[in-house]
Amino acid sequence: MRFGTPEHGWLDVEVSTPDWSVSRSVSDVPCDSLAHLVEALLLLASGGQSVRVEWSLEPAYWHWSFEVEGHEVLVAVSDPSGQSGPARLPLGPTLRVFCRSLLRLRSDPAWSREDASLTWSWPFPSDGLDRLREAVLAT
């Protein structure tokens with residue numbers, strides 16, 4: 001899981017597994033995908049079984065789906081150009097990877113600039129990420 005630096009409402013996002021890797025430049029409108037991702041991961045960490053996150057590609061969408069089966073999670077991503085996955089991954093380590101990547105993204109100076117609202121339309125979901133970090137540490 002890797003995030004670039006948000007710039008002018010766009011963010012490079014890469015997700016990869018041992019079997020595949022896909023990256024896209026995603027837009028900050030119309031949805032707050034970063035907050036939705038954090039909330040989805042929180043749901044999985046608290047026992048949720050199935051979540052989906054949408055990322056805007058303007059005008060299309062990139063969809064990430066997560067399906068929990070026991071101590072594993074099936075991760076798949078799809079957009080108009082096709083689908084990657086699913087990949088069967090261990091749930092706990094996968095949540096930790098996503099959490100670490102989001103923590104690195106939060107430390108990017110783009111979020112603390114005076115013109116941060118011009119960089120990304122939504123504030124960084126710090127409260128949710130702090131709850132996710134606590135949940136991941138407890139697993």
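Note: the structure precedes this text.
Described in the following lines is the structure provided in the data block. (Residues numbered from 1 in each chain as written. Predicted model: local features only at pLDDT ≥ 70, side-chain atom pairs only at ≥ 80, totals over all residues. Heavy atoms only, no water.)

What about the pattern of salt bridges?
Throughout the structure, instances matching the rule amount to seven salt bridges. As a salt-bridge pair, Glu14 and Arg2 come within 3.2 Å of each other at their nearest N and O atoms. Of the two residues, Glu14 sits in strand E2 (residues 10–16) while Arg2 sits in strand E1 (residues 2–3), which places them twelve residues apart along the sequence. Salt-bridge contacts for Arg133 lead to Asp130; the nearest nitrogen and oxygen are separated by 3.4 Å. (Salt bridge = Lys/Arg side-chain N within 4 Å of Asp/Glu carboxyl O. Helix = DSSP H or I, 4+ residues; strand = E, 2+ residues; numbered from the N terminus.)

Quick word on the nonpolar core
Within the largest apolar cluster, 40 residues are counted, with the highest numbers of intra-cluster contacts made by Phe3, Leu34, Leu37, Trp55, Trp62, Trp64 and Phe66. The element contributing the most residues to this core is helix H1 (residues 33–45), with seven residues. Residues in contact with Leu34, not counting those within four places in the same chain, are Phe3, Leu11, Trp55, Leu102, Leu105, Trp111, Trp120, Phe124 and Pro125. (Core = buried A, V, L, I, M, F, W, Y, C linked by side-chain atoms within 4.5 Å. Buried < 20%, exposed > 50% of the residue type's maximum accessible area, 1.4 Å probe, protein only. Contact = heavy atoms within 4.5 Å.)

Topic: helix H4 (residues 126–138)
Spanning 13 residues, H4 covers 18 Å between terminal C-alpha atoms, matching the ideal 18 Å at 1.5 Å per step. Of the residues making up H4, those classed as buried are Gly128, Leu129, Leu132 and Val136. Take H4 and look down its axis: the buried residues cluster within an arc of 95 degrees, on one side only. Structural note: H4 exposes Asp127, Glu134, Leu137 and Ala138 on the side pointing more than 90 degrees away from its buried face. Contacts from the buried residues of H4 go to H1 and helix H2 (91–106). (Expected span 1.5 Å × (residues − 1). Arc of directions from axis to C-beta.)

Notes on the environment of Pro6
Among the secondary structure elements, Pro6 is positioned in the loop between E1 and E2. On the accessibility criterion, Pro6 (1% relative accessible area) is buried. Sequence-wise, Pro6 and Trp62 are 56 residues apart; in three dimensions their C-alpha atoms are separated by 17 Å. Discounting residues that sit within four places of it in the chain, Pro6 has contacts with Leu11, Leu105, Asp108, Ala110, Trp111, Arg113, Thr119 and Trp120.

Regarding the packing of aromatic side chains
One pass over the structure, following the stated rule, counts seven aromatic pairs. Here Trp64 and Phe98 contribute two aromatic rings whose centre-to-centre distance is 6.1 Å and whose plane-to-plane angle is 70 degrees, an arrangement assigned as edge-to-face. Here the residue Trp64 occupies a position in strand E5 (residues 61–69), and Phe98 occupies one in helix H2, the gap between them amounting to 34 residues. Each member of the pair, Trp64 together with Phe98, is buried. What makes Phe98 buried here is its relative accessible area of 5%. In textbook terms, an aromatic cluster arises when at least three aromatic residues are bridged by ring pairs, as seen for Trp55, Trp62, Trp64, Phe66 and Phe98. (Phe/Tyr/Trp six-rings, centres within 6.5 Å; stacked < 30°, edge-to-face > 60°.)

Considerations on the pairing of E5
A regular strand places its side chains on the two faces of the sheet in alternate fashion. Bridging between strand E4 (residues 50–56) and E5 involves seven bridges; their strand directions are antiparallel. From the neighbouring strand, Trp55 faces E5, where its bridge partner is Trp62. Relative to strand E6 (residues 72–79), E5 is paired through seven bridges, and the arrangement is antiparallel. When the sheet's bridge partners are listed, Phe66 is paired in E6 with Val75. (Pairing = 2+ DSSP bridges.)

On their own, these measurements won't tell you what the molecule is for.
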